[in-house]
Amino acid sequence: MPRLSIVSTATAVPMGAQAYEQHVISRAPAALAAVAPGEDWRVRNIVVRSLRSTLPGTRRLPMGRLTAASERVRGAAGRVAYGRADLVHRMTLELPPAPHEVVTLHDVVAWRYPDESPPVAAAAAELRRAAAVICVSEFTASEAVDLLGLDAPVVVPNGVEQRFFDAAPLGVDELADLGVTTPFVLAAGGASERKNLAALADAWPRVQAARPDTTLVLAGPPHPRRTALFASLPGVRLVGRLPDAVLPGLYAAAAVVVVPSLVEGFGLPALEGMAAGVPVVAANRSSLPEVVGDGGLLVEPDGAALAEGVLDVLSGGSDVAAMVARGRQRSRRFTWEASAEGHARVWQSVV
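Residues numbered from 1 in each chain as written. Predicted model: local features only at pLDDT ≥ 70, side-chain atom pairs only at ≥ 80, totals over all residues. Heavy atoms only, no water.

Bringing the UniProt feature "domain: Glycosyltransferase subfamily 4-like N-terminal" (unreviewed entry) in the chain into the picture now. Sites flagged by UniProt as "domain: Glycosyltransferase subfamily 4-like N-terminal" (unreviewed entry) map to residues 20–161. For residues 20–161, the helix share is 39%, the strand share is 19%, and the end-to-end C-alpha distance is 11 Å. (UniProt positions renumbered as here; feature names shortened; annotations may be inferred. Helix = DSSP H or I, 4+ residues; strand = E, 2+ residues; numbered from the N terminus.)

Spelled out as structure tokens, the structure:
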């Protein structure tokens, strides 16, 4: 009876990584039953929180100190925290390692961009010792090999939730509550340097000049870079971080979803836009071509190309409709059930 412990952290404001964790954790038993019929796996989720945290969890660790601790100290903490298990799946690099583990690596931006959270000091060495490392895209896997010296990480893509396929566009009154009018272009996500919002800010006046009836809606946690870039531009609405329940309808109501990022570990906003049946304009960089394929319009990540791409899509026509249909069909390949089964095959291979 193999014993698998999937370890995650308690988080007050869940983001994309936490959604990934919950989707995989909740589907792990069914995925193992599908991949390894007849094997009686025991699966548990260990939720680690800091010593002073008021969030629910099953273990407490001095997370701040462990982030900067030596490999030896982190290894000892992991052995104590996780107890007996044949295999541990560690879902974030901040958590201490286990003697026999699988680790998820979403991206390597901590090593690439100074405005991202700095990498855990021991993370690269711990990743090289892991029984397996799961990367969410071929791009991330390639970066992990080149930058961190990993040997043959396994690629298991993320999924998209069914609610994006089923989403009805937010109505006029619901949009008005957000201060949004139609038609609008939607950009959802963070505001760090790699998100390339400066190029979108350069593109937007060009779009506005040609289509003054169109607004730009920026959804994501408040950030001074986003505010500085867009607060003075006409036709822009910063709606902040929205409840998860609102997002599918907002996507479905958009005329275009734009993803200008220079680097994405996976590129979930592009996938969500395609699933919602909305034209997607995305940068032809990093993992975005893997996700978008021929289901969206891939452009250079500069202001002129982004503006041209958005305007082309706003013009509509049979080509755009065909692209939307391809995007919706392509997005159906990326299910959380398939992702969980990909994880299960990795677990079974190394237990």
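A word on the sheet that holds strand 1 (residues 3–9). Taken in spatial order, the 7 strands make up an open sheet running 3-2-1-4-5-6-7, and their pairing is parallel. Edge positions in the sheet fall to strand 3 (59–61) and strand 7 (154–155), since each of these pairs with one other strand and no more. Sheet analysis places strand 2 (residues 42–50) next to strand 3, joined by 3 bridges and oriented parallel. Note that in strand 3 the partner of V48 across the bridge is R59. (Pairing = 2+ DSSP bridges.)

This part covers the domain arrangement of the chain. According to the domain assignment, the chain consists of domain 1 (3–159 + 335–349) and domain 2 (162–332). Put simply, the middle of domain 1 and the middle of domain 2, counted by C-alpha atoms, are 30 Å apart. Between domain 1 and domain 2, the contact holds 18 residues from the first and 17 residues from the second. When the buried surface of domain 1 facing domain 2 is broken down by residue, Y113, D115 and F139 rank first, second and third, together holding 37% of it. (Domains from an automatic or database assignment. Contact = heavy atoms within 4.5 Å. Buried area = accessible area lost by both parts, 1.4 Å probe.)

Moving on to the pairing of strand 6 (residues 132–135). Burial of strand 6 is two-sided: the residues A132 and I134 facing one way and the residues V133 and C135 facing the other way are all buried. Direction of pairing for strand 5 (residues 101–105) relative to strand 6: parallel, over a ladder of 4 bridges. In the strand pairing of strand 6, V103 is matched with V133. Examined bridge by bridge, strand 6 and strand 7 share 2 bridges and lie parallel to one another. (Buried < 20%, exposed > 50% of the residue type's maximum accessible area, 1.4 Å probe, protein only.)

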